Amino acid sequence: MAGRTWDVLVVGGGVTGCSAAWHLAGYGAEVLLLEQFDLNTQASGRNAGSLHGQIQHGSFLEFGEEWARGFLPALRFLADSLDMWRDLSDVLGTDLEVSLNGGLLIAETSEQMRDIERKVAIERTAGVESDLLGPADLQRIAPYVSESMVGAQLTRVEGKVNSMLAAPAFARAAVSRGAVIRTGAEVIGLEWQDGTFTVSTPSGPVTAGRVVLVTGNDLNRFASLWGGDLAIFDDPAQVGATEPLAPMVHHLVYYAGGQLTFKQAKAGTLLIGGGWSSDLDPVTGHNRVNPQNLVANMRVALRVVPSLAGVRLIRTWPGRGLATPDLSPIIGRVGPPGLVVGTYPHMGLTAGPLMGRVLAQLALDRPPEVDLAPFAPDRF
């Protein structure tokens, strides 16, 4: 690759980066993607595979209705990306195990149901279709749920995907369009001069006219190019997986009374999470599972689904995650001409297909299909 100047360099090999490379190649750009590790080994591949389409209930309770109304552009972004997920298995030629049967936010008390009703009213102004279920309807569609639960919100657009498959499928499709992907390619430095970006890597320099940065938690490694850190901070979570079971859970499940996400993979494994924090190892700097939070997470799951008491948990792992002050994404141009960044806090897997396309449009000076003003990097 020595001596070649690429049209666009993508830094980051998660679902957003691989989607961006695929779209860029589809627009006719000569594109190179660099990933420090292997594809999909950071946030994109270390989550439970939830496809979100509603305002997260815990955030709604914490930040309130005014915040929720301000979050609606980010919610619409998720809805548009979910539309892409519906057909991605066919488009990319890989069974991504996408299921969009809906999301269940389960309530145990009438007070929780009233909170859900307030949230649903705001979501409906953004076109999110939800049904409010009483106890009989909840038991009919989710008979595994405790009979002490009084109702639920059924959001029709939510679901799940195998998070280990999506980014590699985008990468293969990008290569078939002419993109070049290098793994094990750490970006040591990034400079801009006279309209050209030069990236330092262990195997030598790489030059490009445009750069797309989708490195998640590590975005601020490059902050010297735009003069100050982006408003992102680490917020890692962890996930547990059970032994395979017969099919029983057909929705993405949440609980209004505590932190919980719950779904069943195609192989039968139940994936249990909900944003419980993992720890940072002070010696290695790597995330590790927090045992106390794991136990607390399983207690919440048992409260909602008592029959889990006899099910073995066979694997746990820490994820990588980030947050922004308003929980909305950061998408836009920063620093010198031709440099764009993008990250969606907590729900980057759901947003990844659309995020990649929008970043490709920005990098090539095409009009973005989404109003990006609410997501401006300098809004804080």
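Residues numbered from 1 in each chain as written. Predicted model: local features only at pLDDT ≥ 70, side-chain atom pairs only at ≥ 80, totals over all residues. Heavy atoms only, no water.

Peer 1: Which parts of the structure should I look at to understand the side chain of Asn217?
Peer 2: Inspection of the secondary structure assignment puts Asn217 in the loop between strand 11 (204-213) and strand 12 (233-234). On the accessibility criterion, Asn217 (17% relative accessible area) is buried. Of the polar contacts made by the side chain of Asn217, one reaches the backbone oxygen of Gly321; its length is 2.8 Å. Among residues more than four places away in sequence, those in contact with Asn217 are Ile232, Asp234, Arg320, Gly321 and Leu322. (Helix = DSSP H or I, 4+ residues; strand = E, 2+ residues; numbered from the N terminus. Buried < 20%, exposed > 50% of the residue type's maximum accessible area, 1.4 Å probe, protein only. Polar contact = N/O pair within 3.5 Å; in protein donor to acceptor, adjacent residues only side chain to side chain. Contact = heavy atoms within 4.5 Å.)

Peer 1: Honestly, the pairing of strand 22 (residues 339-343) in this entry has me stumped. Any pointers?
Peer 2: Where a strand is regular, its side chains alternate between the two sheet faces. Counting buried positions over the five residues of strand 22 gives five, a clear majority of the element. The two faces of strand 22 match: Leu339, Val341 and Thr343 on one face and Val340 and Gly342 on the other face are all buried. Relative to strand 22, strand 11 runs parallel, the two being bridged by three bridges. Within strand 22, the residue paired with Val212 across the bridge is Val340. What sits between the antiparallel neighbours strand 21 (residues 330-333) and strand 22 is a turn of five residues, in which Gly335 has the positive phi angle 60°. (Pairing = 2+ DSSP bridges.)

Peer 1: Explanation requested: the packing of helix 1 (residues 15-26) against helix 6 (residues 166-176) in the structure shown.
Peer 2: When two helices pack together, their arrangement is given by the angle between the helix axes and by the axis-to-axis distance. At a minimum axis distance of 8 Å, the contact between helix 1 and helix 6 shows a crossing angle of 20°. Judged on the interaxial angle alone, helix 6 and helix 1 are roughly parallel. Viewed along their axes, helix 1 and helix 6 form a crossing whose handedness is left-handed. When helix 1 is examined against helix 6, the residues Val15, Cys18, Ser19, Ala21, Trp22 and Ala25 are found in contact with a partner set consisting of Ala166, Ala167, Phe170, Ala171, Ala173 and Ala174. Classifying every residue of the contact of helix 1 with helix 6 by side-chain character gives 11 nonpolar, one polar and no charged. (Axes fitted to C-alpha atoms, helices over the stretch in contact; angles between N-to-C directions. Parallel < 35°, antiparallel > 145°, perpendicular 65-115°, else oblique. Left-handed = near helix turned anticlockwise from the far one by under 90°. Nonpolar A, V, L, I, M, F, W, Y, C, P; charged D, E, K, R; others polar.)

Peer 1: What should I look at first to understand the pattern of salt bridges in this one?
Peer 2: Oppositely charged side chains are able to pair whenever their charged atoms sit close together. Applying the stated criterion across every chain, the model contains 18 salt bridges. Here Glu30 ties to Arg4 by a salt bridge, and the two come within 3.7 Å at their closest N and O atoms. Taken together, the residues Glu30 in the loop between helix 1 and strand 2 (31-35) and Arg4 in the segment before strand 1 (5-11) connect sequence positions 26 residues apart. Between Asp218 and Arg320 there is a salt bridge whose closest N-O contact spans 3.8 Å. Of this pair, Asp218 sits in the loop between strand 11 and strand 12 while Arg320 sits in the loop between strand 19 (313-318) and strand 20 (322-323), and the two are 102 residues apart along the sequence. What makes Arg320 partly exposed here is its relative accessible area of 23%. Connected through salt bridges with shared partners, the residues Glu65, Arg69, Asp115 and Arg118 form a single ionic network. (Salt bridge = Lys/Arg side-chain N within 4 Å of Asp/Glu carboxyl O.)

Peer 1: How do you make sense of the sheet that holds strand 15 (residues 261-264) when you look at a structure like this?
Peer 2: Where strands meet in a sheet, backbone hydrogen bonds hold them as pairs that are either parallel or antiparallel. Pairing within the open sheet is mixed, and its eight strands lie in the order 5-6-4-14-15-16-13-19. The two strands at the open ends of the sheet, each matched to only one other strand, are strand 5 (130-133) and strand 19. Each neighbouring strand pair of the sheet contributes to a mean axis angle of 20°, computed without reference to strand direction. As defined by bridge partners, strand 14 (residues 252-255) adjoins strand 15 across two bridges and the pair is classed as antiparallel. Within strand 15, the position partnered with Tyr254 by the bridge is Thr261. Against the sheet, helix 7 (residues 291-304) makes contact with strand 4 (103-107), strand 13 (238-242), strand 14, strand 16 (270-273) and strand 19, and its axis sits at roughly 115° relative to strand 16, the strand it touches most.

Peer 1: Help me understand the nonpolar core in this model?
Peer 2: Soluble globular proteins tend to pack their nonpolar side chains together in the buried interior. Of all hydrophobic cores here, the largest spans 62 residues; its most connected members are Ile55, Phe71, Phe77, Trp85, Ile331 and Tyr344. Sorting the residues of this core by element identifies strand 1, helix 1, strand 2, helix 2 (57-70), helix 3 (72-92), helix 6 and helix 8 (348-363) as the ones contributing at least two each. Looking at which element gives the most residues to this core, the answer is helix 3, with 10 residues. Formed by 26 residues, the second largest nonpolar core is a distinct cluster that contains Val11, Val199, Leu213 and Val341. (Core = buried A, V, L, I, M, F, W, Y, C linked by side-chain atoms within 4.5 Å.)

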